[in-house]
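Each chain, written out:
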Amino acid sequence: MKLSARDAAAYFRKPDPNGAGILIYGGDAMRVALKRQEVIKALVGPQGEEEMRLTRMTGAELRKDPALLGDAIKAQGFFPGPRVAFVEEAGDSITKAIIPALTDWAVGDAQIIVTAGQLNARSSLRKLFEGHPSAYAAGVYDDPPSRDEIEGHLRDAGVSNISRDAMDLVNAYARDMQPGDLRQTIEKLGLYKLGDDTEATVDDVEACAPQSNEAGLDDLLNVVADLKAAEIGPILSRLYAQGTQPVALCIAAMRHFRQLHAAASDPGGAAAGIGRLRPPVFGPRRDKMVRQASAWGRPNLEEALSTITEADLTLRSASTAPDRALVERMFIRLSMLGRRKG
């Protein structure tokens, strides 16, 4: 049976306990692996592998010994409970080896879980599972997870109380993060809030998200916009040590000050302008940007953008000026500009 995207999401969370199994395929190996983990955990529980109720084999192993799968689904273990026979790295070359196992499958046998890469509609493996009366086939695509899926992951992690802004941030992360990073962030949030019934906030989510040099960039842009010139040098040194290039700093500065300029130019005020930014800005960072846009004002921000543009053009030209010194001077000029005219 072929599952639609909506039906597949429901199946992954709660697989048919009386089904023969499922083929999960897709071009993104990480997404396929996460769905396979979800299904197997739902079928045999977290102790299934330790209790030897999960048998693993690769497509290559099954191709060499076609009887492996049939033996695995009929074998009885020492521990009671549902069993799974898992075949990874499958393809059309093992379809013939799977046919006898699916044909002989009966209720009480181990369920057959097969994962594969991208399979087209003519795939013999897809046709086998789609045409079986009690087996399923589901494609996993590169679309970000739906809100329902995210809420399900949060529930699984034990996070039942989360603020609206924090939930919006998790959804924003879901559009940009790799699925493994998103799952890890949610699991870390669950551990972070373990035994704490208070509402999960934006700060909590950000604390659990993967850290990168973007955090350092935010620090730098905030000390510049907050007119703290003395703190610019140490942060720049840290960013350069992490491998950040001067051109990247210019690009980040242009993006930040353009956002402030857009907010300061909004007829509804800086708060309304920040609220219209895409991607959205949340929590303390939003409050800080509203304060910065209000303090600088539109004319000063326009001059700041001119200063950044001038530095960017110099960086990309044949100038012999040291790039790092040029960028540091730009940031100090910005900070002094805000202090002088703020």
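Here, the structure is the one placed above.
*Asks:* Is there a simple way to think about the overall build of the protein chain in this case?
*Replies:* Looking only at helices and strands, one finds 16 helices and 5 strands in the protein chain. Taking 2.2 N^0.38 as the reference for a compact globule, 342 residues should give roughly 20 Å; the C-alpha atoms of the protein chain span a radius of gyration of 27 Å, well beyond that estimate. Considering only intrachain contacts with a sequence separation of at least 6, the fraction spanning at least 24 residues in the protein chain is 74%. The centroid of the 43 positive side-chain charges in the protein chain is displaced by 4 Å from the centroid of its 46 negative side-chain charges.

*Asks:* Quick question: what am I supposed to make of the sheet that holds strand 5 (residues 135-139) here?
*Replies:* Working definition: the strands of a sheet are paired by backbone hydrogen bonds and lie parallel or antiparallel to each other. Spatial strand order, 2-3-4-1-5: 5 strands in an open sheet with parallel pairing. The two strands at the open ends of the sheet, each matched to only one other strand, are strand 2 (54-58) and strand 5. Averaged over neighbouring strand pairs, the angle between their axes works out to 15° when direction is ignored. As paired elements, strand 2 and strand 3 (residues 84-90) share 5 bridges and run parallel to each other. The partner of Thr-55 across the bridge, within strand 3, is Ala-85.

*Asks:* How should the packing of aromatic side chains be read in this particular structure?
*Replies:* Describing an aromatic ring pair means giving the distance of the ring centres and the angle of the ring planes. Within the structure shown, the criterion is met by 2 aromatic pairs. Ring plane angle 75° and centroid distance 5.3 Å describe the contact between Phe-257 and Trp-296, whose orientation is recorded as edge-to-face. Of this pair, Phe-257 sits in helix 13 (residues 246-264) while Trp-296 sits in helix 15 (residues 283-315), and the two are 39 residues apart along the sequence. Like Phe-257, the residue Trp-296 is buried in the burial classification. Looking at Arg-324, its charged tip hangs above the ring of Tyr-240, at a distance of 4.3 Å from the centre.

*Asks:* What is the right way to read unusual backbone geometry from this model?
*Replies:* With glycine set apart, most residues show a phi of negative sign, and most peptide bonds adopt trans. Although it is not a glycine, Met-52 sits at a positive phi angle of roughly 60°. Along the polypeptide, Met-52 turns up in the loop between helix 2 (29-44) and strand 2. Notably, Leu-227 is not glycine yet its phi reads approximately 70°, a positive angle. Here Leu-227 lies in the loop between helix 11 (213-225) and helix 12 (232-241). Judged by its relative accessible area of 25%, Leu-227 is partly exposed.

*Asks:* Looking at this structure, how should I read the packing of helix 4 (residues 67-74) against helix 5 (residues 95-104)?
*Replies:* Relative placement of two packed helices is described by the angle separating their axes and the distance separating the axes. Relative orientation of the contacting elements helix 4 and helix 5 amounts to 25°, with a least axis distance of 8 Å. When the axes of helix 4 and helix 5 are compared, the pair comes out roughly parallel. Crossing hand, helix 4 versus helix 5: right-handed. On the side of helix 4, the interface is formed by Leu-69, Gly-70, Ile-73 and Lys-74, while helix 5 contributes Ile-98, Ala-101 and Asp-104. Grouping the constituent residues of the contact of helix 4 with helix 5 by class yields 4 nonpolar, 1 polar and 2 charged.

*Asks:* Just checking my understanding: could you explain the pairing of strand 4 (residues 111-116) for this structure?
*Replies:* Each regular strand shows side chains that alternate between the opposite faces of the sheet. The buried count for strand 4 comes to 6 of 6 residues, which makes it a mostly enclosed element. Of the two faces of strand 4, the one holding Gln-111, Ile-113 and Thr-115 and the one holding Ile-112, Val-114 and Ala-116 are both buried throughout. Two strands pair when backbone bridges link them, and strand 1 (residues 21-25) and strand 4 are joined in this way by 5 bridges, in the parallel orientation. Looking across to strand 4, one finds that Ile-24 is bridged to Thr-115.

Thresholds, definitions, all that
Residues numbered from 1 in each chain as written. Predicted model: local features only at pLDDT ≥ 70, side-chain atom pairs only at ≥ 80, totals over all residues. Heavy atoms only, no water. Helix = DSSP H or I, 4+ residues; strand = E, 2+ residues; numbered from the N terminus. Rg over C-alpha atoms; globule rule 2.2 N^0.38 Å. Contact = heavy atoms within 4.5 Å. Lys, Arg positive; Asp, Glu negative; His and termini not counted. Charge placed at Lys NZ, Arg CZ, Asp CG, Glu CD. Pairing = 2+ DSSP bridges. Axes fitted to C-alpha atoms, helices over the stretch in contact; angles between N-to-C directions. Phe/Tyr/Trp six-rings, centres within 6.5 Å; stacked < 30°, edge-to-face > 60°. Buried < 20%, exposed > 50% of the residue type's maximum accessible area, 1.4 Å probe, protein only. Lys NZ or Arg CZ within 6 Å of the ring centre and 35° of its normal. Parallel < 35°, antiparallel > 145°, perpendicular 65-115°, else oblique. Left-handed = near helix turned anticlockwise from the far one by under 90°. Nonpolar A, V, L, I, M, F, W, Y, C, P; charged D, E, K, R; others polar.

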